[in-house]
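Fold and contact review
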Amino acid sequence: MLSRRQLLGVSPLLLILCGCDKPAVLSAPPVPSRQTQVLLDAVTAEQNLVWLYDKASATYPQLNGALTTLRAEHAAHLAQLRATVVEPPGKHVPTTVTQKPAIGKTQHDALIQLRGAEQGAVTTLMGRLNGASPPLAQLYASIAASETTHVGVLNALTARISAK
Amino acid sequence: MSSANEAIVTALQGALAAEHAAVYGFGVVGSMLSGAGETNARNAWLAHQSQRDNLEAMLTGLGATPVAASPAYSLPFPVTNAQSAEHLATTIEDGLTRAYLGVVAVNDATLRTFGARMMQTCANRATNWSGTTVAFPGMPS
């Protein structure tokens with residue numbers, strides 16, 4: 001049996017004899033797994049929600065106090081989701097806001113819009129549960145529960161504004 | 001019983017134990033409240049009895065013996081007035097949210113959805129009692 005030193009000495013000769021080129025370099029990043037892609041989609045969805053809250057607060061500063069806590073909780077959701085992503089080679093956690101709708105023409109309309117966004121977010125998260133690992137499913141479920149409570153808060157706010 | 005079924009039974013037994021405690025606890029809560037508060041406590045007490053019965057049926061259907069309620073429960077803090085009663089109500093619902101988080105971890109699509117929906121129900125009740133929201137209901141802080 002050849003020693004390691006002998007093998008290392010002959011290996012260039014072997015490569016030439018077999019006509020081998022250098023190993024091919026991977027030119028494209030691997031495709032993320034479905035679970036990773038779903039997680040990346042969840043990050044984008046949360047970024048969109050944060051944007052919506054910022055836009056509503058900027059448009060109706062009188063709502064700031066009422067919306068601050070909800071916005072802070074969405075920021076916490078986003079941070080936790082981003083922290084859960086292990087960035088695959090060549091793929092980065094998205095930072096782009098992909099949905100920038102116009103804000104409702106009145107405070108009342110803006111609150112209805114936020115409430116609809118929260119309800120939509122809960123529905124989407126419920127659809128992400130199956131196929132996720134148990135810890136990830138628990139994170140999605142917890143965020144969905146938080147966003148369900150936001151719907152209740154926004155309902156109460158909307159009723160207060162309507163009563164004025 | 002397979003290990004997957006064992007995990008399901010364990011998670012459901014955890015939720016059932018929490019519902020047993022909730023039925024006891026809301027009896028205490030209701031005794032300290034009046035008017036709308038008392039009505040809310042009674043409605044919660046009835047809802048938790050219904051959820052308890054549902055979990056018992058689920059466990060029996062899986063061939064397991066549902067865990068029994070304790071004869072009594074020690075309260076996490078003294079409940080002497082309306083404010084402490086409402087705090088107990090919030091604490092009970094937070095505990096249930098945690099228990100149903102355990103159901104979300106099982107590898108069964110229907111039960112996972114059930115667990116998540118129950119988390120939403122309990123988190124909403126906790127917010128109604130406390131007047132506050134939290135970022136991660138049921139998760140350890």
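Just above, that's the structure.
What comes next is a walk through the structure. (Residues numbered from 1 in each chain as written. Chains lettered and ligands numbered in written order. Predicted model: local features only at pLDDT ≥ 70, side-chain atom pairs only at ≥ 80, totals over all residues. Heavy atoms only, no water.)

Here we take up the overall build of chain A. If you tally the helices and strands in chain A, you get five helices and zero strands. For chain A, the N- to C-terminal ordering of α and β elements is α-α-α-α-α. Here chain A holds 164 residues, and 38% of them are scored as buried. Within chain A, contacts between residues separated by at least 24 positions form 81% of all contacts whose residues are at least 6 apart in sequence. Approximately 9400 Å² of chain A is accessible, and the part contributed by carbon and sulfur atoms is 61%. (Helix = DSSP H or I, 4+ residues; strand = E, 2+ residues; numbered from the N terminus. Buried < 20%, exposed > 50% of the residue type's maximum accessible area, 1.4 Å probe, protein only. Contact = heavy atoms within 4.5 Å. Areas by Shrake-Rupley, 256 points an atom, 1.4 Å probe, with all protein chains shown as cover.)

Right, let's talk about the environment of Gln120 of chain B for a bit. You can see Gln120 of chain B is positioned in helix α4 (residues 109-130). As for Gln120 of chain B and Thr97 of chain B, which are separated by 23 residues in sequence, their C-alpha atoms are 7.8 Å apart. The contacts of Gln120 of chain B, once residues within four sequence positions are left out, are Val122, Met126, Ala144, Ala145 and Thr148 of chain A.

Let's shift gears to the environment of Ala117 of chain A. Residue and element names in this part refer to chain A. Relative to the assigned elements, Ala117 resides in helix α4 (residues 107-128). Taking the relative accessible area as the measure of exposure, Ala117 reaches 22% and is therefore partly exposed. As a C-alpha pair, Ala117 and Ser133 span 16 residues in sequence and 26 Å in three-dimensional space. If near-sequence neighbours (up to four positions away) are discounted, Ala117 is found in contact with Leu49 and Leu52.

Residue and element names in this part refer to chain B. On inspection of all chains with the given rule, the structure shows three aromatic pairs over all chains. Taking 5.3 Å as the distance between ring centres and 50 degrees as the angle between the ring planes, the aromatic pair formed by Tyr24 and Tyr73 counts as tilted. Separated by 49 residues along the polypeptide, Tyr24 in helix α1 (residues 3-31) and Tyr73 in the loop between α2 (35-61) and α3 (82-104) bring together distant segments of the chain. With relative accessibility at 32%, the residue Tyr24 sits in the partly exposed group. On the numbers, 5.9 Å between centres and 85 degrees between planes, the contact of Tyr100 with Phe114 is edge-to-face. Of the two residues, Tyr100 sits in helix α3 while Phe114 sits in helix α4, which places them 14 residues apart along the sequence. When sorted by exposure, Tyr100 lands in the same class as Phe114, which is buried. (Phe/Tyr/Trp six-rings, centres within 6.5 Å; stacked < 30°, edge-to-face > 60°.)

Within the largest apolar cluster, 61 residues are counted, with the highest numbers of intra-cluster contacts made by Tyr140 of chain A together with Val29 and Tyr100 of chain B. When contributions to this core are tallied by element, the ones reaching two or more residues are α2 (34-59), α3 (64-84), α4 and α5 (134-163) of chain A together with α1, α2, α3 and α4 of chain B. When residues in this core are grouped by element, the largest group, eleven residues, is from α1 of chain B. With residues up to four places along the chain from it excluded, the contact list for Tyr140 of chain A reads Val38, Leu39, Ala42, Leu81, Leu125, Arg128, Leu129 and Ala132 of chain A. Grouped together as the second largest cluster of nonpolar side chains are 15 residues, Leu52, Leu70, Ile103 and Ile161 of chain A included. (Core = buried A, V, L, I, M, F, W, Y, C linked by side-chain atoms within 4.5 Å.)

In a pair of packed helices, the angle between the axes and the distance between the axes together describe the arrangement. All names here are of chain A. Two elements in contact, α2 and α4, have axes separated by 11 Å at closest approach and are oriented at 170 degrees. Between α2 and α4, the angle falls in the class roughly antiparallel. Across the interface between the two elements, Val38, Asp41, Ala42, Ala45, Leu49, Leu52, Tyr53 and Ala56 of α2 pack against Gln113, Leu114, Ala117, Glu118, Ala121 and Arg128 of α4. Of the residues belonging to the contact of α2 with α4, the class tally is ten nonpolar, one polar and three charged. (Axes fitted to C-alpha atoms, helices over the stretch in contact; angles between N-to-C directions. Parallel < 35°, antiparallel > 145°, perpendicular 65-115°, else oblique. Nonpolar A, V, L, I, M, F, W, Y, C, P; charged D, E, K, R; others polar.)

This paragraph deals with the interface of chain B and chain A. How large an interface is tends to be reported as the accessible area lost when its parts come together. The interface of chain B with chain A comprises 21 residues on the first partner and 27 residues on the second. For the pairing of chain B and chain A, the buried interface totals around 1800 Å² over both sides, and the portion due to carbon and sulfur atoms is 65%. Sorting the residues of chain B by area buried against chain A places Arg112, Thr133 and Phe136 of chain B first, and these three jointly supply 32% of that buried surface. At the boundary of chain B with chain A, the tally comes to zero salt bridges. The tally of links from chain B across to chain A stands at ten residue pairs in polar contact (both at pLDDT 80 or more). Contributing elements (two or more residues each) for the side of chain B that touches chain A: α3 and α4 of chain B. Looking at the side of chain B that touches chain A element by element, the count peaks at ten residues for α4 of chain B. Looking at side-chain class alone, the side of chain B that touches chain A contains twelve nonpolar, six polar and three charged residues. (Buried area = accessible area lost by both parts, 1.4 Å probe. Salt bridge = Lys/Arg side-chain N within 4 Å of Asp/Glu carboxyl O. Polar contact = N/O pair within 3.5 Å; in protein donor to acceptor, adjacent residues only side chain to side chain.)

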